[in-house]
Amino acid sequence: MSLRKWIIIGAVALVVLAGGIPLYIQRNFKEEVVAGPGVTQVFKLSRYFSGLAGTVGDTDVFELKGEKEGGKALIIAGTHANEPSAAVVAYLLIENMKVEQGTVYIIPHFNRSGSLGAQPGGGFPLYFSIKTDWGEKKFRVGDRGLQAIDQWPDPDVFVHYPDGQLLSYIDARNTNRAWPGRPDGFLAEKITYATMEMIRKEGINVVIDLHEAEAMFPVTNCIVAPEKSKSIAIAASLFVKGKEKFENHVEPSPSSFRGLSHREIGDWSDAYPFLLESPGVHLDQITAAKTPQLIVDGKDPFVLEAAKKGLLYVPYDEQGFSIDRRVGQHSSVIQEILKQWTRKHADEPIVVSAPKYKDIVQNGLGSFYNDPSKSDKDRIYYE
Ligand SMILES: [Zn+2]
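An account of the accompanying structure is given in this report.

Conventions and cut-offs
- Residues numbered from 1 in each chain as written.
- Predicted model: local features only at pLDDT ≥ 70, side-chain atom pairs only at ≥ 80, totals over all residues.
- Heavy atoms only, no water.
- Core = buried A, V, L, I, M, F, W, Y, C linked by side-chain atoms within 4.5 Å.
- Buried < 20%, exposed > 50% of the residue type's maximum accessible area, 1.4 Å probe, protein only.
- Helix = DSSP H or I, 4+ residues; strand = E, 2+ residues; numbered from the N terminus.
- Salt bridge = Lys/Arg side-chain N within 4 Å of Asp/Glu carboxyl O.
- Axes fitted to C-alpha atoms, helices over the stretch in contact; angles between N-to-C directions.
- Parallel < 35°, antiparallel > 145°, perpendicular 65-115°, else oblique.
- Left-handed = near helix turned anticlockwise from the far one by under 90°.
- Contact = heavy atoms within 4.5 Å.
- Donors = N, O, S within 2.8 Å, 3.2 Å for Na, K, Ca; no water.
- Tetrahedral: all angles 85-135°; square planar, octahedral: opposite > 155°, others 65-115°.
- Patch = residues over 30% accessible without salt bridge, like charges linked within 9 Å, V, L, I, M, F, W, Y side chains within 5 Å.
- Areas by Shrake-Rupley, 256 points an atom, 1.4 Å probe, with all protein chains shown as cover.
- Phe/Tyr/Trp six-rings, centres within 6.5 Å; stacked < 30°, edge-to-face > 60°.
- Lys NZ or Arg CZ within 6 Å of the ring centre and 35° of its normal.

**Considering the nonpolar core**
Part 1: In this structure, Phe274 and Ile337 are the most contacted members of the largest nonpolar core, which totals 54 residues.
Part 2: Considering each element in turn, this core owes the most residues, eight residues, to helix H2 (residues 85–96).
Part 3: Among the nonpolar cores identified, the runner-up in size contains 28 residues, and Val61, Leu74, Phe110 and Leu187 belong to it.

Shown next, in the form of structure tokens:
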């Protein structure tokens, strides 16, 4: 072979290695979470559907069972892994939540495949960190859908099961279009099917799916709820606005748009679903470089310019929209939904306490995470 060919092969190999090695490291990077005193059990989602066992779609479920019997709630984080504050909320609750009555289940990485890789063309960083007194707590930034390496090839059109609605091909890998799922479908459908089985077998009353959305998108700073969940959502939204002084509103779940958690979970089980959105401006198309700092402080000059022109759906100024605020909002809205549920369903109460918006914004998120090096090794989970 000529020298020229060797040089070309070498150059291609360099590009592949320079691009591939960081992705390989990210796919194998583990986030650490210290199970707090409230955690009673950790198990795999495949407990409810063996077809998920041994796949990248299988994921940890943390159970926090109160001393007194009551209702049951499931909190799903990481449906879209490029909306990373959801997993940060999940870890905050796993480490700090106290359940007095009933049971809370928490899934930190629902779309685990997506959490293990970057979004092609998204320009997102691979990680971001939250400062604590004991060092930096590092998190992965993932993909919106499952990685193509885990679910491939994509269909020309994604035909929703069982409704038959035609959705974009890319939604075959979207765990918020694949509900209620099926045991012999795409991996995304197996994940949602396993979760539907869990909801039905455990008799879960409330399901909360955590997201972030663009500040330029109207469905943000809100609770999306179908008809059956509406009165609880409206009460929760009004209470957080009144008591905790942050913006929130309710969006109706459209009955003709299929595959979404806030639609299908309610239609295919007795559970009341809620989908929560908070504004993650790193998702807006117009930002400057999408840095780890942007995910943490939510400060961007172009989003600020858009705010001045009245183009945003959220209050936004030089302060940005930090992850402390986004996580604080989610934590407060979750607690208010469970409170409103309990008010209306005294026979199935879910009574919990966890840090709220004001505590988190005043003290900083970092003050709520335990130092793994000083924690009991049996209580550390690698996600
Ligand atoms: Zn989302």
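That shown, we press on.
**What about the pattern of salt bridges?**
Part 1: Within the structure shown, the criterion is met by 21 salt bridges.
Part 2: The shortest N-O distance in the salt bridge between Glu83 and Arg144 comes to 3.7 Å. Taken together, the residues span a long stretch of sequence, with Glu83 in the loop between strand E4 (68–76) and H2 and Arg144 in the loop between strand E7 (135–140) and strand E8 (158–159) at a distance of 61 residues.
Part 3: We classify Glu83 as buried; its relative accessible area is 5%.
Part 4: For the salt bridge of Arg177 with Asp171, the shortest nitrogen-to-oxygen distance reads 3.9 Å. Asp171 carries the same exposure label as Arg177, and that label is buried.
Part 5: Bridged by salt links that share partners, the residues Arg258, Arg263, Glu264 and Asp267 form one connected network.

**Structural notes on the packing of helix H4 (residues 187–202) against helix H6 (residues 261–268)**
Part 1: Between H4 and H6, whose axes approach to 11 Å, the crossing angle comes to 45°. Taken together, the axes of H4 and H6 are oblique relative to one another. Where H4 crosses over H6, the handedness of that crossing is right-handed. Side by side, H4 and H6 meet where Met196, Ile199 and Arg200 of the first sit next to Glu264, Ile265 and Trp268 of the second.

**Considerations on the environment of Tyr381**
Part 1: Position of Tyr381 among the secondary structure elements: in strand E15 (residues 380–382).
Part 2: What makes Tyr381 partly exposed here is its relative accessible area of 23%.
Part 3: Sequence separation of Tyr381 and Glu31 is 350 residues, and the distance between their C-alpha atoms is 8.1 Å.
Part 4: Not counting residues up to four positions away in its chain, the partners in contact with Tyr381 are Glu31, Glu32, Val33, Ala35, Val42 and Phe62.

**Focus: the coordination of the zinc ion**
Part 1: Protein-derived ligands of the zinc ion are His80 (ND1), Glu83 (OE), Glu83 (OE) and His211 (ND1), with the metal-ligand distances lying across 2.1 to 2.4 Å.
Part 2: Around the zinc ion, the four donor atoms sit at angles spanning 57 to 148°, and that spread fits a shape best called irregular.
Part 3: Positions of the donor residues of the zinc ion, expressed as sequence spacing, correspond to H-x2-E-x127-H. With Glu83 in the loop between E4 and H2 and His211 in strand E10 (residues 206–213), the pair connects residues that are 128 residues apart, well separated along the chain.

**Focus on a nonpolar patch on the surface**
Part 1: A contiguous nonpolar patch, built from Met1, Leu3, Trp6, Ile7 and Ile9 and spanning about 600 Å² of accessible area, is present on the exposed surface.
Part 2: Relative to the helices and strands, Leu3 is located in helix H1 (residues 3–28).

**Some remarks on the packing of aromatic side chains**
Part 1: Per the stated rule, a full pass over the model turns up 12 aromatic pairs.
Part 2: A centroid spacing of 5.9 Å and a plane angle of 20° characterise the contact between Tyr91 and Phe139, whose relative ring orientation is stacked. Of this pair, Tyr91 sits in helix H2 while Phe139 sits in strand E7; the two residues are 48 residues apart in sequence, bridging distant segments of the chain.
Part 3: On the basis of an interplanar angle of 15° and a centroid distance of 5.3 Å, the ring pair of Phe128 and Phe139 is categorised as stacked. With a gap of 11 residues between them, Phe128 in strand E6 (residues 127–132) and Phe139 in strand E7 connect regions that are remote in the sequence.
Part 4: Residue Phe128 is classed as buried on the basis of its relative accessible area, which comes to 1%.
Part 5: Residue class for Phe139 comes out buried when judged on its relative accessible area of 2%.
Part 6: An aromatic cluster of three or more residues is present, and its members are Tyr91, Phe128, Phe139 and Tyr369.
Part 7: Taking the ring centre of Tyr272 as reference, the NZ or CZ of Lys228 above it sits at 5.6 Å.
Part 8: Sitting over the ring of Phe321, Arg325 keeps its end group 3.8 Å from the ring centre.

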